[in-house]
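# Survey of secondary and tertiary structure
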Amino acid sequence: MDILAYVLSFLGTVSIIASSLVKGKNMKVILSLVFSANMLVAVSYFVGGEGINGAISCFVGAAQALINYFFERKGKPIPKWLIAVYCAAFAGLNVIGGLSVPCVVAILASLTFVMCIGQKSGAKYRFWTIFNTALWCTFDILSHAYPTLLMTHIPQLFFNLLGILIYDRKKNN
């Protein structure tokens, strides 16, 4: 099962890398890639046997990305009440998955995810994703979810930093 977890994490990483390198304000593309990545990583957490809170968070994150995609496609802002529902779903479902230190880290990572994909530009998305990824790396270490740490979150951190360097840094002239 570990090999399948590594493969799924790697495929999720391909989607995450692509979302990190999308230029500008194309949040529809980012959200579709984030949906794919979350579904793959959620199954990876589940198959790997570690990080049930990671699987829960990624499944909820995939649903959030899909819902946000439809709002973005129609050019409508995400209602504040819906953001509150996302936060409550992340916290509530993670606590049901088992309250522990990794659970608290998963909740914090999930709440930063709400900030990530609620952005209107790729630059702000990448900025918030740095914090999100650092928290997921911590979760992976605490829950011994090494396939996801090695195949998803460390590469995601690297490619988000690369995306920031390529697209977002201010050029000093």
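Up top is the structure these notes are about.
I will try to describe carefully the structure that is included in this document. (Residues numbered from 1 in each chain as written. Predicted model: local features only at pLDDT ≥ 70, side-chain atom pairs only at ≥ 80, totals over all residues. Heavy atoms only, no water.)

### With respect to the overall build of the chain
We count it as follows: Runs of E in the DSSP output that reach at least two residues are strands. Runs of H or I that reach at least four are helices, and both are numbered from the N terminus. For the radius of gyration, the atoms used are the C-alpha atoms, and the globule rule reads 2.2 Å times the number of residues raised to 0.38.
The helix and strand tally for the chain stands at 7 helices and 0 strands. When the helices and strands of the chain are listed from N to C terminus, the series reads α-α-α-α-α-α-α. For the chain, whose C-alpha radius of gyration is 15 Å, the value lies close to the compact-globule estimate of 16 Å for 173 residues. Projected onto its principal axes, the C-alpha positions of the chain cover 45 × 35 × 25 Å.

### Here's the deal with the packing of helix α2 (residues 27-48) against helix α6 (residues 122-142)
Note the following rule: Only the stretch in contact is used when fitting a helix axis, every axis being a line fitted to C-alpha atoms; angles between N-to-C directions are given from 0 to 180 degrees. Here is the rule for angles: anything less than 35 degrees is roughly parallel, anything more than 145 is roughly antiparallel, 65 through 115 is roughly perpendicular, and the remaining ranges are oblique. Whether two residues are in contact is decided by their heavy atoms: any pair within 4.5 Å suffices.
Running from N to C, α2 and α6 cross one another at 10°; their axes reach a closest spacing of 13 Å. The orientation of α2 relative to α6 falls into the category roughly parallel. Residues Met27, Ile30, Val34 and Tyr45 of α2 form the contact with α6, whose participating residues are Gly122, Tyr125, Trp136, Phe139 and Asp140.

### As for a nonpolar patch on the surface
Quick reminder of the rule: Each patch is built from salt-bridge-free residues with over 30% relative accessible area, joining like charges within 9 Å and nonpolar side chains (Val, Leu, Ile, Met, Phe, Trp, Tyr) within 5 Å. Surface accessibility in these figures is a Shrake-Rupley result with a 1.4 Å probe; residues are shielded only by whichever protein chains are displayed. We count a salt bridge whenever a side-chain nitrogen from Lys or Arg sits within 4 Å of a carboxyl oxygen from Asp or Glu.
Taken together, the side chains of Ile3, Leu4, Val7, Phe10, Leu11 and Val14 present a nonpolar region at the surface, about 540 Å² in accessible area. Looking at where Phe10 falls in the secondary structure, it is placed in helix α1 (residues 2-20).

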